[in-house]
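Each chain, letter by letter, is given below.
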Amino acid sequence: VMVPTCALAFGLSACLEKPRASDERTPPENFAGESQRVDSEFALAALSPQDIRSASLDGELGCVFRAGRPLDSDLYFFGAGFVDPKAGAQGIVRIDGEVVGMQMDGAGGYDRLASGAVLTGSDIAIAIAVTGDKPVRENPPVAMESPIYEASLTATRGDFEQVLDGVYECGP
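Note that the structure is predicted; figures quoted are calculated from it, not measured. (Residues numbered from 1 in each chain as written. Predicted model: local features only at pLDDT ≥ 70, side-chain atom pairs only at ≥ 80, totals over all residues. Heavy atoms only, no water.)

Peer 1: Explain the nonpolar core to me, please; I cannot follow it from the model alone.
Peer 2: Nonpolar side chains tend to gather and get buried jointly when the protein is soluble and globular. In this structure, Phe-65, Phe-77 and Tyr-168 are the most contacted members of the largest nonpolar core, which totals 27 residues. The element best represented in this core is strand β3 (residues 61-67), accounting for four residues. Counting nine residues, the second largest nonpolar core, distinct from the first, contains Leu-47, Ala-55, Val-64 and Ile-92. (Core = buried A, V, L, I, M, F, W, Y, C linked by side-chain atoms within 4.5 Å. Buried < 20%, exposed > 50% of the residue type's maximum accessible area, 1.4 Å probe, protein only. Helix = DSSP H or I, 4+ residues; strand = E, 2+ residues; numbered from the N terminus.)

Below, the structure is given as structure tokens:
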């Protein structure tokens, strides 16, 4: 079953549009904030709303990685997977101006994607690591069906890598 990317709806409409000023979510005071470590000869860039709309990912549930703060910052990864633990997962990133399709290494479905995973595509590997123990508390508080965790995204090509710190949100 291929679900239209935008129908993965855990607020993916929020992925496509910046919130109104009155709707902005702010991270807690103890949020680590944005950091980027670059040792690369490639450019990892934010996904556009068109990239998200155009993605044809198979899956029932989705995940997004946002770099830095605030919580409505740019998306650098969008992925989807099925609940079936025998299934894989897929995602997209933007490298050197091109959207690159990624496949999760191994099975585990959505649960594995949501807990952090390695995805590969072309000559790039993406590792998403959930680094926070508890969900990031949002101001104002929102429903926690799709909790947000501090995370890092590491893109590796050959001997070069780029690391972004930010937040990871997965859900319906």
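After that view, the rundown keeps rolling.
Peer 1: For this particular structure, what's the right way to read the pattern of salt bridges?
Peer 2: Pairing is possible between side chains that carry opposite charge, provided their charged atoms lie close to one another. Within this structure, the stated rule accounts for three salt bridges. A salt bridge links Asp-51 to Arg-94; the shortest N-O distance between them is 2.7 Å. Note that Asp-51 is positioned in helix α2 (residues 49-54) and Arg-94 in strand β5 (residues 89-95), a separation of 43 residues in sequence. Here Asp-51 matches Arg-94 in class, with each residue buried. With a closest N to O distance of 3.0 Å, Asp-96 and Arg-157 form a salt bridge. (Salt bridge = Lys/Arg side-chain N within 4 Å of Asp/Glu carboxyl O.)

Peer 1: What am I meant to see in the pairing of strand β10 (residues 160-171) here?
Peer 2: A regular strand places its side chains so that they alternate between the two faces of the sheet. Counted residue by residue, β10 has 10 buried out of 12 residues, so it is predominantly covered. Bridge analysis of β3 against β10 gives six bridges, and the strand direction is antiparallel. Within β10, the position partnered with Val-64 by the bridge is Glu-169. Of the pairings in the sheet, the one linking strand β9 (residues 148-157) to β10 comprises 10 bridges and is antiparallel in character. Across the sheet, the residue bridging to Ser-152 is Asp-165, located in β10. With antiparallel pairing between neighbouring strands as the criterion, β9 and β10 make up a hairpin whose turn holds two residues, including Gly-158 at a positive phi of roughly 60°. (Pairing = 2+ DSSP bridges.)

Peer 1: When you look at the environment of Ile-128 in this model, what are you seeing that I'm missing?
Peer 2: For Ile-128, the position within the fold is in strand β8 (residues 124-130). By relative accessible area, Ile-128 is classed as buried at 4%. Along the backbone, Ile-128 and Tyr-168 are 40 residues apart, and their C-alpha atoms lie at a distance of 8.5 Å. Residues contacting Ile-128, with those up to four places away along its chain left out, are Phe-77, Gly-116, Ala-117, Ser-152, Leu-153 and Tyr-168. (Contact = heavy atoms within 4.5 Å.)

Peer 1: What's the story with the pairing of strand β7 (residues 116-121) in this structure? I'm lost.
Peer 2: Judged from the two bridges that link them, strand β6 (residues 98-104) and β7 form a sheet pairing that is antiparallel. Note that in β7 the partner of Met-104 across the bridge is Leu-119. Where β7 lies against β8, six bridges are found, and the strand directions are antiparallel. What sits directly across from Gly-116, in β8, is Ala-129. Adjacent in sequence and paired antiparallel, β7 and β8 are bridged by two residues, among which Ser-122 carries a positive phi angle near 55°.

Peer 1: I tried to follow the state of the cysteines on my own but got confused; where do I start?
Peer 2: In protein structure, a disulfide is the covalent linkage between the sulfur atoms of two cysteines. Counted by the stated rule, this structure contains one disulfide. The partner cysteine of Cys-63 in its disulfide is Cys-170, sulfur to sulfur 2.0 Å. Between Cys-63 and Cys-170 the disulfide shows an S-S torsion of about 120°. By sign, it is right-handed. Of this pair, Cys-63 sits in strand β3 while Cys-170 is found in strand β10, placing the two residues 107 residues apart along the sequence. The two residues Cys-63 and Cys-170 agree in class, both being buried. (Disulfide = S-S within 2.5 Å.)

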